[in-house]
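# Analysis of the macromolecular model
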Amino acid sequence: MIATVSSVTTANRMKRIMAGYGVTIEVMQTPKAISSGGCGYCIRFAPEHLSALLQTIADYGLEIRKLFHVETAGGETHYVRV
Amino acid sequence: MIYLDNGATSFPKPRSVASSVYDAILNLGANPGRGGHRMSRLASEKVFLCRENLAKLFHIKDPERIVFTSNATQGINMALKGLLRKGDGLVTTSMEHNAVLRPAHSLEKMGVEVAIAWAGPDGIVAPAYIEAAITPRTRLICVTHASNVCGAINDLAAIGEIAKRRGVLFMVDAAQSAGCVEIDVGKMGIDILAFPGHKSLLGPQGTGGLYIGKNVSLAPFIEGGTGTQSESLVQPENLPERFESGTVNTPGILGLNAGVEYILNRTTADIFAHEWALTKMLTDDLCTISGLTVLGTEDIDKKTGIVSVKFEKADCVEVAQALDKTYNIAARAGLHCAPLAHKTLGSFESGALRFGIGPFNTKNDVKTAVWALSRTLRA
């Protein structure tokens, strides 16, 4: 799954926080298809970590902007808004 | 050289600071927050790590509210000029550096009410004097944590309590304390904290930071690219990017992080104790020399490692030059960019010679400096 966030700083903070709970998330540039401007950052993580992620970052006063499932079919990647 | 000018900038730095800067330039040269490739991502992670360590040091809950600056002066200007408008009031003190006094003077010309609370001859500002200076227009109290002239430490917790009770924001200039005196923004009620990276945080010159509390709304000093929301012509609201337009000083910040890690490992309390012992020795030994007066408080527990003296007859600049040329000792003479502090301490006309003790100074440094000063004054 992918969640867009407000900045690379927020993304890095989420990565550091979740690493403390043994959850690996990846910081990446937001794909153009789901970005309003092409300059932005998001976090990528396994779907099974979604609830833990949302709960944990809320405890730290952080929030995600938009949430997407990533689906690949026919060689194309589709981002489905959750 | 015996370096006793740590009030201006710290020297030497831990070797890890130099190696971190070197590594950043050699191996991590990408622009953090400006792209998705691995070197950029790694650089941004390392920059964030510095925010995280600074947050740990100052007991700040949200590292994102720490904005990197070039020095404390830049942070102070960002805060004062980003917050205060015509009709607002500012309460500050006579012990401030020109980093505060000059922007305050400019703001006064623009219609900001500026009140100065004067410290006593010990260099410490009575919290009651600060409270007495508050008017209905007062929006901000801005206080130096420790004097850059005499080392006197102000009671931030007491001043923070006054600010909270009177509904006024509280800003601290931690230029002489960050890294060598404990700072807890929560317990001290600090809303805005400006600090240099290159003094007691032991980072490279050209680094510093500004903590902006959640209850503080500042207009950005500069606007521009942040690597986010590029489609919008409006400066983003989120911190730290709102205040960090343009490429940050990645090598400097990574060097600063190494300095902060050194402090976290050694602890601020240990550094304070080390400098306290040398400060006591220096003060006691200076008091045995005739023809000079040690400025400010005699209570060593309320001082940092800054010790200044004024001379009855000698010219402080000539004494500093003699210490440098003859004994290879670095100390700083003059008014130290703090004219009102010198007026407070009675040294405005004469100026003073300042010694600034750091975490790597030794007893031998202090003994040699006092011996050299004594010989210089007798010459």
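A brief look at the structure comes next. (Residues numbered from 1 in each chain as written. Chains lettered and ligands numbered in written order. Predicted model: local features only at pLDDT ≥ 70, side-chain atom pairs only at ≥ 80, totals over all residues. Heavy atoms only, no water.)

So, on to the overall build of chain B. Counting its secondary structure elements, chain B contains 11 helices and 13 strands. At 21 Å, chain B has a C-alpha radius of gyration in line with the 21 Å of a compact globule built from 379 residues. C-alpha atoms of chain B, sized along the principal axes, occupy 70 × 55 × 30 Å. By residue count, 58% of the 379 residues in chain B fall in the buried class. Of the contacts formed within chain B by residues at least 6 apart in sequence, a portion of 69% connects residues at least 24 apart. For chain B, the accessible area works out to roughly 15,400 Å², and carbon and sulfur atoms hold 53% of it. Within chain B, one finds 38 positive and 37 negative side-chain charges whose respective centroids are separated by 2 Å. (Helix = DSSP H or I, 4+ residues; strand = E, 2+ residues; numbered from the N terminus. Rg over C-alpha atoms; globule rule 2.2 N^0.38 Å. Buried < 20%, exposed > 50% of the residue type's maximum accessible area, 1.4 Å probe, protein only. Contact = heavy atoms within 4.5 Å. Areas by Shrake-Rupley, 256 points an atom, 1.4 Å probe, with all protein chains shown as cover. Lys, Arg positive; Asp, Glu negative; His and termini not counted. Charge placed at Lys NZ, Arg CZ, Asp CG, Glu CD.)

Counting secondary structure elements, chain A contains 2 helices and 5 strands. Reading chain A from its N end, one meets helices and strands in the order β-α-β-β-α-β-β. For chain A, whose C-alpha radius of gyration is 12 Å, the value lies close to the compact-globule estimate of 12 Å for 82 residues. Counting only C-alpha atoms, chain A reaches 35 × 25 × 15 Å along its principal axes. The buried share of chain A, reckoned over its 82 residues, is 45%. Once local pairs closer than 6 in sequence are excluded, the contacts in chain A between residues at least 24 apart make up 53%. In the structure as shown, chain A presents an accessible area of about 4,200 Å², 48% of it carried by carbon and sulfur atoms. When the 8 positive and 6 negative side-chain charges of chain A are each reduced to one mean point, those points stand 9 Å apart.

All names here are of chain A. Running from amino to carboxyl end, helix H1 (residues 8-19) crosses helix H2 (residues 50-59) at an angle of 110°, the nearest separation of the two axes being 11 Å. Relative to H2, the element H1 lies roughly perpendicular. Side by side, H1 and H2 meet where Met14, Ile17 and Met18 of the first sit next to Ala52, Leu53, Thr56 and Ile57 of the second. Among the residues forming the contact of H1 with H2, the class breakdown is 6 nonpolar, 1 polar and no charged. (Axes fitted to C-alpha atoms, helices over the stretch in contact; angles between N-to-C directions. Parallel < 35°, antiparallel > 145°, perpendicular 65-115°, else oblique. Nonpolar A, V, L, I, M, F, W, Y, C, P; charged D, E, K, R; others polar.)

This paragraph deals with H2(A). All names here are of chain A. Three or more residues of H2 are buried, namely Leu50, Leu53, Thr56 and Ile57. The buried side chains of H2 occupy one side of the element, clustering within an arc of 140° when seen end-on. Along H2, the residues that are exposed and aim more than 90 degrees away from the buried face are Ser51 and Asp59. Along its buried surface, H2 packs onto H1, strand S3 (41-44) and strand S4 (67-73). Of the residues flanking the end of H2, it is Gly61, one or two places downstream, whose phi is positive at about 75°. (Arc of directions from axis to C-beta.)

In this section: the sheet that holds strand S6 (residues 169-173) of chain B. Residue and element names in this part refer to chain B. If you trace the 7 strands from one edge of the open sheet to the other, you get S2-S8-S7-S6-S5-S3-S4, paired in mixed fashion. The two strands at the open ends of the sheet, each matched to only one other strand, are strand S2 (66-69) and strand S4 (113-117). For this sheet the average axis-to-axis angle between neighbouring strands, irrespective of direction, equals 20°. In this sheet, strand S7 (residues 192-196) lies alongside S6 in parallel orientation, the contact comprising 3 bridges. (Pairing = 2+ DSSP bridges.)

This part covers the side chain of B:Ser147. Residues and elements named next belong to chain B. Examined against the element boundaries, Ser147 turns out to sit in the loop between strand S5 (138-144) and helix H6 (156-166). A distance of 2.9 Å separates a polar side-chain atom of Ser147 from the backbone nitrogen of Val149. The residues contacting Ser147, other than those within four sequence positions of it, are Met95, Ala152, Gln176 and Ile306. (Polar contact = N/O pair within 3.5 Å; in protein donor to acceptor, adjacent residues only side chain to side chain.)

Every contact between the two is made by 19 residues of chain A and, on the other side, 24 residues of chain B. Ranking the residues of chain A by area buried against chain B places A:Thr9, A:Arg13 and A:Tyr41 at the top, with a combined share of 30%. In this structure, B:Asp62 and A:Arg13 form a salt bridge, with 3.0 Å as the shortest nitrogen-oxygen distance. Across the contact surface, chain A and chain B share 14 residue pairs in polar contact (both at pLDDT 80 or more). Residue assignment for the side of chain A that touches chain B shows that the elements contributing at least two residues are H1 and strand S2 (26-29) of chain A. Looking at which element gives the most residues to the side of chain A that touches chain B, the answer is H1(A), with 7 residues. (Buried area = accessible area lost by both parts, 1.4 Å probe. Salt bridge = Lys/Arg side-chain N within 4 Å of Asp/Glu carboxyl O.)

The next point concerns the nonpolar core. Nonpolar side chains in soluble globular proteins tend to be buried together. Counting residues in each nonpolar core, the largest one holds 60 residues, and the members touching the most others are B:Leu54, B:Phe58, B:Ile141, B:Leu193 and B:Leu201. Among the elements that make up this core, the one with the highest residue count is helix H2 (residues 38-58) of chain B (7 residues). (Core = buried A, V, L, I, M, F, W, Y, C linked by side-chain atoms within 4.5 Å.)

The subject of this paragraph is the layout of surface pockets. All names here are of chain B. Estimated volume of the largest pocket: approximately 440 Å³. Around the largest pocket, the lining is made up of 21 residues, and of these Val185, Gly186, Ile190, Asp191 and Tyr211 lie nearest the centre. Among the elements that take part in the lining of the largest pocket, H6 stands out by supplying 3 residues, more than any other. The residue inventory of the lining of the largest pocket, partitioned by class, reads 8 nonpolar, 6 polar and 7 charged. Approximately 360 Å³ is the volume found for the second largest pocket. Looking at side-chain class alone, the lining of the second largest pocket contains 4 nonpolar, 4 polar and 7 charged residues. (1 Å grid on protein atoms, 1.4 Å probe; cavity = no way out; pocket = protein on both sides within 12 Å on 5 of 7 lines; lining within 4 Å. Points joined across faces, edges and corners; volume = space filled by probe spheres on them.)

This brings us to empty space enclosed by the protein. Applying the stated rule across the entire model yields 2 cavities of 30 Å³ or more. For the largest cavity, the calculated volume is near 180 Å³. Forming the walls of the largest cavity are 16 residues, and the residues nearest its centre are A:Val8, B:Pro32, B:Arg51, B:Glu241 and B:Glu244. For the lining of the largest cavity, the secondary structure elements donating two or more residues are H1 of chain A together with H2 of chain B. Examining the composition of the lining of the largest cavity, we find that 4 residues originate from one element, H2(B), more than from any other. Class assignment for the residues of the lining of the largest cavity results in 5 nonpolar, 7 polar and 4 charged. One number sums up the size of the second largest cavity: a volume of about 100 Å³. As for the second largest cavity, its lining consists of 15 residues, of which B:Asn6, B:Gln176, B:Ser200, B:Glu275 and B:Ile357 are closest to the centre. Broken down by class, the residue content of the lining of the second largest cavity amounts to 4 nonpolar, 9 polar and 2 charged.

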